[in-house]
Amino acid sequence: MAWIKVAAQAQLGEEEAMPFTVGDAQLALFHSAGAFHVTDNVCTHQYALLTDGYVEDGCVECPLHQAQFDLRTGQPQCAPATRPIRIYPVKVEGGEIYADI
Amino acid sequence: MPADLPILIVGAGQAGAMAAGALRGHGYAGRILMLGDEAHPAYERPPLSKSVLLDADGAALAPIHAPDQLAAQAIEWRGGCRVQAIDPVARLAHLGHGETIAYSQALIATGGRAREWPQLPIGTPHVHYLRTLDDARALRESLRSQRALVVLGAGFLGLEIASTARALGLDVTVIESAPRVLPRAVPPALSAWLAARAAAAGVALRLDTRVREARADAHGVTLVLDGGEQLQAPLLVVAIGQVPNVTLAASAGARLHAGNGGICIDAHGRTSVPGLFAAGDCASQHRACADAELRLESWQSANEQARLVAAAMLEQAAAPAATPWFWTDQFGLNLQMLGLPADELRYLTRGDEAVDAQAPRFLLLGIDGRDRLRHVIAVNAGAELRPLRPLVDAQVAIDPAAFTDTTAALRQLARDALAAAPAAATPHP
């Protein structure tokens, strides 16, 4: 694990998402419910990018089949997903967002 | 009724398995016995016509319960098991070979089976039907050994199989007796758009075409079309719809719907027989959005009815069934449909519907004569369906000009429309 600079705080509006990669890993940065969250970007149900989904109230809804994940815990909130997405620690320093990947 | 008797679930498909999980979710601690006629633990059927056909090692299969979950939740599952009869007065289920099971309450989640075409019954060589995992595995083997496929039926299943077969490199012909694809699910304009998309993917679509005669021989099937034309099919899939499995429920005295043939259930999933519930493809329920009793063959409807039944069995409150939602993945498209089509709707297009685009992305907004949003179809735009959901739930009127202006953010348009709606139009979840 290492802290990586992901984006500037000003890059992402409220209830917005941004994909990024570290090596082969597809990751997602979300700004929702007043906080930034970094998670794996691929839905655990079927291949789809969660950054293409709908972000609201600290949750993201997969664009493909409406699986919902809590961005704070990674836990699925409804079918069809049964497995959580991985979440990563996030900190904001000097207007920059860092994630511990 | 004795508390130690199990809740019996007949059928281990989407509805049955989801109901079992929902019972535990409500804190029910008694026995749950789930009997399925297939040999496999419950799995999701949507991938059967798509990734399961493509995938050689079976990794695409999506179990409904994780492997350790059945044991962790103490759900007793028995496969390869058929219930012959239910005595709803004595609350006994009769299995074959003389075994009898006493239950406290029972859920009939017997699903449906592929509608058989009498000219080419199930079991005819070179002919496949698709409903179960075993069906999908058999079809997968055939798709690997053949170069051409004919599909009878241009519904969701037929088109998805055609799409998968094209991805595998087969020549594909689809024959449909109706003048358009998906005639019951989408408006004519989208049928035409999808047909063009399928044609661009290399599918030979034969619409408005009836098969007069079919002969199977050692090399495949010969179809004689209405006009006399003959079509050779080394491999044929019949995908002409589904028939609900209602014999068990009917023999237990449950009322069936005269129109759709499903088992009539109330808003909580109760059949007309005390202690007997039904859910999923076999069940017919009044749907407020269409103001009609409907038997919806869908993943979401099975989940919703399972949720309602679990709550009702335990006498707990539950939010009413959600607005119907369907999806299909075909020809590089993810189509999501919220609400139901109706003749009186007209459709607005939001976005660009170029047929040949790599990844077209648009919405069709179905509004009625009072501009109320009743049906939304999202093409590669599932995330945009989400802000519209409360509008469809409450049938809120929208401004056609504003909603077709793609420079305006949909989320804000939806908020504004909801705020402007009369107070009576409160969305239900």
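Residues numbered from 1 in each chain as written. Chains lettered and ligands numbered in written order. Predicted model: local features only at pLDDT ≥ 70, side-chain atom pairs only at ≥ 80, totals over all residues.

What follows is about the overall build of chain A. Helix and strand counts for chain A come out as 0 helices and 10 strands. In chain A, the succession of helices and strands from N to C terminus is β-β-β-β-β-β-β-β-β-β. Taking 101 residues into account, the globule formula puts the C-alpha radius of gyration at 13 Å, and chain A, at 12 Å, falls close to it. By its C-alpha atoms, chain A is 40 × 25 × 20 Å across when sized along the principal axes. Residue burial in chain A is summarised as follows: out of 101 residues, 38% are buried. Considering only residue pairs separated by 6 or more positions, chain A has 39% of its internal contacts joining residues 24 or more positions apart. (Helix = DSSP H or I, 4+ residues; strand = E, 2+ residues; numbered from the N terminus. Rg over C-alpha atoms; globule rule 2.2 N^0.38 Å. Buried ≥ 20, exposed ≤ 12 C-beta atoms within 10 Å, placed from the backbone. Contact = placed C-beta atoms within 7 Å.)

Before going further, it helps to spend a moment on the overall build of chain B. Each helix and strand in chain B was counted, giving 11 helices and 26 strands. The C-alpha atoms of chain B give a radius of gyration of 23 Å, which matches the 22 Å a tight globule of 429 residues would have. Principal axes of the C-alpha set define a box for chain B whose edges measure 65 × 65 × 40 Å. Looking at chain B as a whole, 47% of its 429 residues are labelled buried. Put simply, 61% of the contacts in chain B that link residues at least 6 apart link residues at least 24 apart.

This next bit is on the confidence of the model for chain B. Chain-level pLDDT for chain B is 94 on average; 97% of the residues reach the 70-or-more range. Predicted as a complex, the structure gets a pTM of 0.93 and an ipTM equal to 0.84. (pLDDT = per-residue confidence, 0-100.)

This next bit is on the interface of chain B and chain A. Opposite the 8 residues of chain B that make contact, chain A presents 10 residues. The biggest single contributor to the side of chain B that touches chain A is helix α9 (residues 382–394) of chain B, with 3 residues. For the side of chain B that touches chain A, the per-class residue count stands at 3 nonpolar, 3 polar and 2 charged. (Nonpolar A, V, L, I, M, F, W, Y, C, P; charged D, E, K, R; others polar.)

Moving on to the nonpolar core. Residues and elements named next belong to chain B. One finds Leu-130, Val-151, Leu-236, Val-237, Val-238, Val-376 and Ile-377 to be the most contacted residues of the largest nonpolar core, which totals 99 residues. Not counting residues up to four positions away in its chain, the partners in contact with Val-238 are Trp-117, Leu-120, Val-127, Tyr-129, Leu-152 and Gly-153. Ranked by size, the runner-up nonpolar core spans 53 residues in total, among them Val-10, Val-83, Tyr-103 and Ala-302. (Core = buried A, V, L, I, M, F, W, Y, C linked by C-beta atoms within 7 Å.)

Residues and elements named next belong to chain B. With antiparallel pairing, 3 strands are arranged side by side in an open sheet as β13-β14-β15. Each edge of the open sheet is held by one strand with a lone partner, namely β13 (211–217) and β15 (230–233). Mean inter-strand twist for the sheet, computed between neighbouring axes without regard to direction, equals 20°. In terms of strand pairing, β13 meets strand β14 (residues 220–225) through 6 bridges, oriented antiparallel. Residue pairing in the sheet places Glu-213 in a bridge with Val-224 of β14. (Pairing = 2+ DSSP bridges. Axes fitted to C-alpha atoms, helices over the stretch in contact; angles between N-to-C directions.)

Residue and element names in this part refer to chain B. Along strand β22 (residues 325–330), 6 of the 6 residues are buried, which leaves the element largely enclosed by surrounding structure. The two faces of β22 match: Trp-325, Trp-327 and Asp-329 on one face and Phe-326, Thr-328 and Gln-330 on the other face are all buried. Inspection of the sheet shows β22 paired to strand β23 (residues 333–339) by 6 bridges, in the antiparallel sense. The partner of Asp-329 across the bridge, within β23, is Asn-334. In this structure, the hairpin formed by β22 and β23 is closed by a connection of 2 residues, where Phe-331 is found at a positive phi of approximately 50°.

Residues and elements named next belong to chain B. Here the domain parsing of chain B yields domain 1 (7–113 + 242–313), domain 2 (133–236) and domain 3 (342–420). Put simply, the middle of domain 2 and the middle of domain 3, counted by C-alpha atoms, are 31 Å apart. Each side of the interface is counted separately: domain 2 has 8 residues, and domain 3 has 6 residues. Per-class residue counts for the side of domain 2 that touches domain 3 are 7 nonpolar, no polar and 1 charged. (Domains from an automatic or database assignment.)

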